[in-house]
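# Architecture and fold: a report
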Amino acid sequence: GTKDLQMVNISLRVLSRPREDKLATIYSTLGADFDDRTLPSLGNEVLKAVVAQYNAEELLSKRALVSEGIRKALIERADKYNLILDDVSITHLTFGREFAKAIEHKQVAQQE
């Protein structure tokens, strides 16, 4: 949720790879499915932390800043698991029905 308690759905695209010199460590600690086991939980953790710093309007108006914050935090967290993230980007961002209805009502009111 956002700082103003709006529900938001965000989809990320994350291109990752393991540190080649740490493959043995990665496999022994995380297993062969390391990316499926770590990236979803890291992504959720980072998304919740970053999104909570902004209200719904700011998520839209400062999307580039939000995306950069998510990217930096996710790269930092993934590094602790010896994963390199080549690209992180927001692919989809939607809000809950109540927020969408509020925006629609506001737009209608402004047009009248």
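Only a predicted model underlies this, so the values are computations on that prediction, with no experimental measurement involved.

### Remarks on the nonpolar core
Grouped together as the largest cluster of nonpolar side chains are 25 residues, with contacts concentrated most on Val-8, Ile-10, Leu-59, Val-66, Ile-70 and Phe-95. Beyond its immediate chain neighbours, meaning those up to four positions away, Val-8 contacts Thr-2, Val-51, Leu-59, Leu-93, Thr-94 and Phe-95.

### Focus on helix H5 (residues 97–111)
Taking 1.5 Å of rise per residue, 15 residues should cover 21 Å, and H5 covers 21 Å from first to last C-alpha, within 8% of that figure. The buried count for H5 comes to one of 15 residues, which makes it a mostly uncovered element.

### As for unusual backbone geometry
Residues other than glycine seldom take positive phi values, yet Leu-5 does so here, at roughly 65 degrees. Looking at the secondary structure, you find Leu-5 in the segment before strand E1 (8–18). You will see that Asn-82, though not glycine, has its phi angle at about 65 degrees, which is positive. Inspection of the secondary structure puts Asn-82 in the loop between helix H4 (63–79) and strand E2 (83–95).

### Re the environment of Thr-38
Residue placement: Thr-38 occurs in helix H2 (residues 34–51). Exposure remark for Thr-38: the relative accessible area of 5% places this residue in the buried category. When the C-alpha positions of Thr-38 and Ala-78 are compared, they lie 8.2 Å apart, and in sequence the two are 40 residues distant. In contact with Thr-38, not counting residues within four places along its chain, are Leu-30, Tyr-81 and Leu-83. Within the structure, the side chain of Thr-38 is placed 2.6 Å from the backbone oxygen of Phe-34, a separation counted as a polar contact.

### Observations regarding the pattern of salt bridges
What the rule picks out here adds up to six salt bridges. Its salt-bridge partner being Arg-17, residue Asp-86 comes within 2.9 Å of it at the nearest N-O pair. Of this pair, Asp-86 sits in strand E2 while Arg-17 sits in strand E1, and the two are 69 residues apart along the sequence. With a relative accessible area of 47%, Asp-86 lands in the partly exposed category. Between Arg-71 and Glu-68 there is a salt bridge; the shortest N-O distance is 2.8 Å. Separated by three residues within a single helix, Arg-71 and Glu-68 lie in helix H4, roughly one turn from each other.

### Quick word on the packing of aromatic side chains
Across all of its chains, the model carries one aromatic pair by this definition. Residues Tyr-27 and Phe-34 carry aromatic rings whose centres are separated by 6.0 Å and whose planes lie at 80 degrees to one another, so their mutual orientation is edge-to-face.

### So, H2
Over its 18 residues, H2 runs 25 Å from end to end, which matches the ideal 26 Å to within 8%, given 1.5 Å per residue. Looking only at H2, the buried set comprises Phe-34, Thr-38, Leu-39, Leu-42, Gly-43, Val-46, Leu-47, Val-50 and Val-51. Viewed along the axis of H2, the buried residues span an arc of 155 degrees, placing them on a single side of the element. For H2, the exposed residues set more than 90 degrees away from the buried face come down to Asp-36, Arg-37 and Lys-48. The inward-facing, buried residues of H2 contact E1, helix H1 (23–30), helix H3 (56–61), H4 and E2.

Parameters at a glance
Residues numbered from 1 in each chain as written. Predicted model: local features only at pLDDT ≥ 70, side-chain atom pairs only at ≥ 80, totals over all residues. Heavy atoms only, no water. Core = buried A, V, L, I, M, F, W, Y, C linked by side-chain atoms within 4.5 Å. Buried < 20%, exposed > 50% of the residue type's maximum accessible area, 1.4 Å probe, protein only. Contact = heavy atoms within 4.5 Å. Helix = DSSP H or I, 4+ residues; strand = E, 2+ residues; numbered from the N terminus. Expected span 1.5 Å × (residues − 1). Polar contact = N/O pair within 3.5 Å; in protein donor to acceptor, adjacent residues only side chain to side chain. Salt bridge = Lys/Arg side-chain N within 4 Å of Asp/Glu carboxyl O. Phe/Tyr/Trp six-rings, centres within 6.5 Å; stacked < 30°, edge-to-face > 60°. Arc of directions from axis to C-beta.

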